[in-house]
Amino acid sequence: MAADAEAHLCVLQGSICGFTIVTGGAARLVFGYDSYGNTCGQRNELIEGVRLSGLDHTDRKFVFFLDPCNIDIVQRKIKSVALCVSLCPAEELQTYQDLKRFAMVNGSELCSYELAAHKYPGLPERIDKCPKLPVPPSKPLPVFNRCTPVDVSCYAKFAEAVVTFVGDSSVLHRLIAGVAASKEIIIGLCVLALALSMILMVIIRYISAVLVWILTSLVVLGSLAGTGVLWWLYIDHRLYGNDTSPKLPKEAKEEMKAELSADSGQALLVYAVSASVFTIILLLLMLFMRKRVALTIALFHVAGKVFIHLPLLTLQPFVTFLALLLFWIYWILVLLFLGTSGNPEQNEETGLTEFRLTGPLQYLTWYHAVGLVWISEFILACQQMTVAGAVVTYYFTRDKNRLPVTPILSSVLRLVRYHLGTVAKGSFIITLVKIPRLILMYIHNQLKGRENVCARLLLKTCICCLWCLEKCLNYLNQNAYAATAINSTSFCTSARDAFVILVENALRVATINAIGDFVLFLAKILIMTSTAFAGVLLLNYQRDYTEWLLPLIIVCLFSFLVAHCFLSIFEIVVDVLFLCFAIDTKYNDGTPGKEFFMDKALMEFVESSRRLGRAAERGRSRVKEAVSEGAEMKPMKYVHLRATAPKPSQILTLRGVELQVGKKLIG
């Protein structure tokens, strides 16, 4: 059912694209159209009520704006009049005489259609219907036939419409120039971030134990230190106080000082008690979960081995990013097609002709937006399913030297043949949660500053709850895909089985997610800071680049994004390995016929846990038997009093859990 719905959605997405092509929206976007509804480069039909429409623009293939820098990006409206011309001016035109000469020589008239080219210098209408002087040199935009200015300063004006916080335009110009000048270094640093991410995925298994224990120790020591400082401040405040009151009469000053001292002391006490409770809880959690930290280290170690045996896993971020990029490009093109589709309408404010969808067709944009969310989630779910299938194959293959030649390709084929419905259903569930959250965020932004406090808090609470639900469903879906790869069951059955396994191992799940996610986050920060440090050295070495702040920000953002993409794959591998480990330990015990499938590192963890468990069980059994033997001594003593006297050779000793008697009692 979900696969059919996904297929219908894809078909309807294609139908929307076909609709825009048939109705001319695609042609108007690609070839361009003027302010009177005429498409450039073709013969047009007359539009009722619109003057200068229905012209033959077969020889006029480019769109020219009379004021090319007067484009309001924020409002998404073109303020300048657009015309279809046969040639873009390659040189600057400073006077109306230059406009006349350009039109007479090249046959490209840059003023409104009703004005004759040879009369440009003397017409009074030239101020409103001719381009603003001086006309900057321009060149046609590739694919989209628009005459765009060559001068960078015009693009800076576009950026200023978006970056409204920039007050000095010269600063923005220098930043853009800095990015253009240091583009080779930016590309090199991005490649460095990519290489560091791939290297870290392999070597993290060697440093995971050190990282985990160092981070655990730092968290505990930081909590203890913070709690101690708060109690020290509270005691210091109670003993000495702090005279910071203003100059007032003595009685008023004493009263104010007492009130401030009481409030400050109470606040410090609350902080100190809260920190103490948090520290105690943290210490107890560390005490109870210290054994499970070893499982996290073992899983990291095995995950590193997975990438050595399955090196093609490192290509998954590239494949997923390429698929998302192609889909997003297609989605944006169709959205732009929709923006130029529909019926022609004349804007009352500007007098320009615009194309708008009316009636039921206006909801095509919303349907197109739903397709963006669902198909994007579908692509990400396909990546999770592919990785899960490959990791499951690795885990449940006892002899790692006999792994399939291409387990990644085998996983992809199984996904396409058997599990597309599972992936479609999981991505649809995420879409059902994400769309209401996005709508509430849109409403919150639209009402910002106008809603009351209660409504604002309610909206933020709903958004936060939906975000938490989305994260939980994402995690459950990921484990459901792994269960599907193991058992080849349906999505609902796999989700139920995965949920049961996760609940049975709740403490282990909490430990792995808390410690593992924190370690991976620090790894992302490490990659970003290393790339930023290299960027500072390179950009500072090039003394010509005086403005390298913006390039450095671009490099940091890109490096963090790359690290997130690669280490997210590592995180998926760890989660799938844990589910396989939990299922393996649930149905196998290591006896003949029920041998474990797990790796040596996980086997060592299991054996260590069993030794600790047996030692604890022996201790408990000794205590129980000692208590039971002590209880049995009382009736024996009662019999001894009523019976004849025992012989001297009788010895009654209690050694651990063994009771030895020299001879039987006579009585």
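Residues numbered from 1 in each chain as written. Predicted model: local features only at pLDDT ≥ 70, side-chain atom pairs only at ≥ 80, totals over all residues. Heavy atoms only, no water.

The name given to the protein chain in an unreviewed UniProt entry is Choline transporter-like protein, with Oryzias latipes as the source organism. Its UniProt record gives the protein chain a comment under Sequence similarities (unreviewed entry), which states: "Belongs to the CTL (choline transporter-like) family." (UniProt positions renumbered as here; feature names shortened; annotations may be inferred.)

Quick look at the overall build of the protein chain now. Each helix and strand in the protein chain was counted, giving 17 helices and 10 strands. Per-residue burial over the protein chain gives 37% buried out of 667 residues. For the protein chain, restricting intrachain contacts to residue pairs at least 6 apart in sequence, the fraction spanning at least 24 positions comes to 68%. When the accessible surface of the protein chain is totalled, it reaches about 38200 Å², and 66% of it is carbon and sulfur. (Helix = DSSP H or I, 4+ residues; strand = E, 2+ residues; numbered from the N terminus. Buried < 20%, exposed > 50% of the residue type's maximum accessible area, 1.4 Å probe, protein only. Contact = heavy atoms within 4.5 Å. Areas by Shrake-Rupley, 256 points an atom, 1.4 Å probe, with all protein chains shown as cover.)

In terms of nonpolar packing, the biggest core is built from 61 residues, with Phe570, Val573, Leu577 and Leu602 touching the most fellow members. Sorting the residues of this core by element identifies α7 (183–239), α8 (250–309), α10 (364–395), α13 (453–487), α14 (491–504), α15 (506–541), α16 (549–587) and α17 (600–642) as the ones contributing at least two each. Here this core gets 17 residues from one element, more than from any other, and that element is α16. Apart from the residues lying within four places of it in its own chain, the contact partners of Leu577 are Leu299, Val302, Ala303, Val306, Val391 and Tyr395. Counting residues in hydrophobic clusters, the runner-up holds 29 residues, among them Phe62, Phe64, Leu66 and Val135. (Core = buried A, V, L, I, M, F, W, Y, C linked by side-chain atoms within 4.5 Å.)

Glancing now at the packing of α10 against helix α11 (residues 407–418). Where α10 meets α11, the closest approach of the two axes is 8 Å, and the angle between their N-to-C directions is 125°. Judged by the inter-axis angle, α10 sits oblique to α11. Along this stretch, α10 crosses α11, giving a crossing that reads as right-handed. Every residue of α11 that contacts α10 at Cys382, Met385, Thr386, Gly389, Ala390 and Thr393 is listed here: Pro407, Ile408, Ser411, Val412, Arg414 and Leu415. Looking at side-chain class alone, the contact of α10 with α11 contains 7 nonpolar, 4 polar and 1 charged residues. (Axes fitted to C-alpha atoms, helices over the stretch in contact; angles between N-to-C directions. Parallel < 35°, antiparallel > 145°, perpendicular 65-115°, else oblique. Left-handed = near helix turned anticlockwise from the far one by under 90°. Nonpolar A, V, L, I, M, F, W, Y, C, P; charged D, E, K, R; others polar.)

Next up on the list: the pairing of strand β8 (residues 353–356). Only one face of β8 is buried: it carries Thr353 and Phe355, and the other face, with Glu354 and Arg356, is open. Alignment of strand β7 (residues 343–346) against β8, held across 4 bridges, turns out to be antiparallel. Among the inter-strand pairings, Pro344 is bridged to a residue of β8, identified as Phe355. (Pairing = 2+ DSSP bridges.)

Moving on to the state of the cysteines. In total, this model carries 3 disulfides according to the counting rule given. At a sulfur-sulfur separation of 1.8 Å, the disulfide partner of Cys88 is Cys147. Across the S-S bond linking Cys88 and Cys147, the dihedral sits near -75°, which makes this disulfide left-handed. Here Cys88, found in the loop between β4 (82–85) and α3 (96–106), pairs with Cys147, found in strand β6 (residues 147–149); they are 59 residues apart in sequence, far enough to count as distant. Residue classification places Cys88 among the buried positions, given a relative accessible area of 7%. Since its relative accessible area comes to 5%, Cys147 is described here as buried. Across a sulfur-sulfur distance of 2.0 Å, Cys111 and Cys130 are joined as a disulfide pair. With the S-S dihedral at roughly 115°, the linkage between Cys111 and Cys130 falls on the right-handed side. (Disulfide = S-S within 2.5 Å.)

Now for the packing of aromatic side chains. Any two aromatic rings considered together are summarised by their centre-to-centre distance and by the angle between their planes. Evaluation of the coordinates by the stated rule reveals 10 aromatic pairs. When the centroid spacing of 5.8 Å and the interplanar angle of 5° are considered together, the rings of Phe307 and Phe570 count as stacked. Of the two residues, Phe307 is situated in helix α8 and Phe570 in helix α16; the sequence distance between them amounts to 263 residues. This pair shows no difference in class: Phe307 is buried, exactly as Phe570 is. (Phe/Tyr/Trp six-rings, centres within 6.5 Å; stacked < 30°, edge-to-face > 60°.)

Okay, the pattern of salt bridges next. The tally for this structure, following the rule as stated, stands at 10 salt bridges. Measuring nitrogen to oxygen at the nearest pair gives 3.4 Å for the salt bridge that ties Asp497 to Arg496. Residue class for Arg496 comes out exposed when judged on its relative accessible area of 52%. Ionic pairing is found between Lys586 and Glu504, a salt bridge with its closest N-O pair at 3.5 Å. Residue Lys586 is found in helix α16, and its partner Glu504 is found in helix α14; the two are separated by 82 residues along the sequence. Each of Glu377, Lys434, Arg437 and Glu470 takes part in one network of salt bridges that share partners. (Salt bridge = Lys/Arg side-chain N within 4 Å of Asp/Glu carboxyl O.)

Assignment of secondary structure puts Gln478 in helix α13. At 2.9 Å, the side chain of Gln478 and the side chain of Asp575 are in polar contact. Filtering out sequence-adjacent residues up to four positions away, Gln478 remains in contact with Gln384, Glu571, Ile572 and Asp575. (Polar contact = N/O pair within 3.5 Å; in protein donor to acceptor, adjacent residues only side chain to side chain.)

The subject of this paragraph is the confidence of the model for the protein chain. Looking at the protein chain as a whole, its pLDDT mean stands at 77, while 77% of the residues score no less than 70. Across residues 160–169, where pLDDT falls below 50, the model places 6 contacts with residues more than four positions away in sequence or in other chains. (pLDDT = per-residue confidence, 0-100.)

Per the UniProt annotation, the sites labelled "transmembrane region" (unreviewed entry) are residues 185–204, 211–234, 268–288, 293–312, 318–338, 366–396, 518–542 and 548–581. Annotated as residues 185–204, this span is 100% helix and 0% strand, and its ends, taken at the C-alpha atoms, are 27 Å apart. Overall, residues 268–288 shows 100% helix and 0% strand. The separation of its end C-alpha atoms is 30 Å.

Right, let's get into the environment of Lys129. Along the chain, the position of Lys129 falls in helix α4 (residues 126–129). When the C-alpha atoms of Lys129 and Leu66 are compared, they prove to be 7.9 Å apart, with 63 residues separating the residues in sequence. Residues contacting Lys129, with those up to four places away along its chain left out, are Leu66, Cys111, Ser112, Glu114 and Leu115. Within the local environment of Lys129, its side chain forms a polar contact with the side chain of Glu114, the two groups lying 2.7 Å apart.

What follows covers the environment of Gly107. Within the secondary structure layout, Gly107 lies in the loop between α3 and α4. Expressed as a C-alpha distance, the spacing of Gly107 and Leu87, which sit 20 residues apart in the sequence, is 8.0 Å.

Time to look at α11. In this model, α11 (12 residues) spans 16 Å end to end at C-alpha, consistent with the 16 Å of a helix rising 1.5 Å per residue. The complete set of buried residues in α11 reads Pro407, Ile408, Ser411 and Leu415. Projected onto a plane normal to the axis of α11, the buried residues spread over an arc of 105° and lie on a single side. Turned more than 90 degrees off the buried face of α11, the exposed positions are Leu413, Val416 and Arg417. Close packing links the buried residues of α11 with α9 (316–339), α10 and α12 (420–446). (Expected span 1.5 Å × (residues − 1). Arc of directions from axis to C-beta.)

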